[in-house]
Amino acid sequence: MATINLRDYYPFCNHDIFLDIPDEVATVLLEAERQEEAYRRRMYLHKAQYPLDRNDGFEHDICFVSLSPSEVYERKITAQQLHAAISALPDKQGKRIYAHYVLGISKSEIARAERVLEKNIRKSVSQGLRNLEIFLRNFSE
C-alpha cells in the first residue's frame, strides 16, 4: 500500500489528507504525473503556442464572462417558453423541429428515417417554424 496526499491532486484541498491506496493505483498516478511533466517540458522546449481558434473550446473559456443572475433567469424563462411552444405544435412538426434544430439531424436523414420525401420534411419544418413564431408572439403579449 502506498500513501498519497490528496492536497497534491486536488487544488481546492486546503490541508493535508493522507490516503492509503493500492500499489497499482499509485503506479498509474505516478505514470500520469510523469506524462504531464514530459508534455510541459516539450511545450517549453519547442516554445509551443496555440491559436485560440482551434475549436477545442479554449477561446470560449477565456472569453466567456459568467452570467448575471438576471441573465440566467432570462435564459431559463426563454427555454421554458420555447419548450411550451414546441409542445403546442402538432406531434410530427414538433418532433421534426426538435430533431433538426436541437439534435442537429439533417432534413434528408429525418426523411430517410421516417420514409417520406424530403420535400414533406422541409414543408413541415417551415410550417412548424411559422406556428412557433405565432405562438411565441402571442405568448409574449
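As shown above, the structure is provided for reference.
Residues numbered from 1 in each chain as written. Predicted model: local features only at pLDDT ≥ 70, side-chain atom pairs only at ≥ 80, totals over all residues. Heavy atoms only, no water.

## Remarks on a nonpolar patch on the surface
Taken together, the side chains of Y98, Y101, V102, L103 and L129 define a hydrophobic patch exposed on the protein surface, amounting to about 480 Å² of accessible area. Considering each element in turn, the nonpolar patch owes the most residues, three residues, to helix 4 (residues 91-102). As for its position among the elements, Y101 is in helix 4. Residue classification places Y101 among the partly exposed positions, given a relative accessible area of 45%. (Patch = residues over 30% accessible without salt bridge, like charges linked within 9 Å, V, L, I, M, F, W, Y side chains within 5 Å. Areas by Shrake-Rupley, 256 points an atom, 1.4 Å probe, with all protein chains shown as cover. Salt bridge = Lys/Arg side-chain N within 4 Å of Asp/Glu carboxyl O. Helix = DSSP H or I, 4+ residues; strand = E, 2+ residues; numbered from the N terminus. Buried < 20%, exposed > 50% of the residue type's maximum accessible area, 1.4 Å probe, protein only.)

## Some points on the packing of helix 4 against helix 5 (residues 107-114)
One way to put it is that helix 4 packs onto helix 5 with a least axis distance of 10 Å and a crossing angle of 135°. Between helix 4 and helix 5, the crossing angle belongs to the class labelled oblique. Considering how the two elements wind past one another, helix 4 and helix 5 form a crossing that is right-handed. From helix 4, R96, A99 and H100 reach across to helix 5, where they touch K107, I110 and E114. Of the residues contributing to the contact of helix 4 with helix 5, the split by class is two nonpolar, one polar and three charged. (Axes fitted to C-alpha atoms, helices over the stretch in contact; angles between N-to-C directions. Parallel < 35°, antiparallel > 145°, perpendicular 65-115°, else oblique. Left-handed = near helix turned anticlockwise from the far one by under 90°. Contact = heavy atoms within 4.5 Å. Nonpolar A, V, L, I, M, F, W, Y, C, P; charged D, E, K, R; others polar.)

By themselves, these observations are geometric and do not establish any function.
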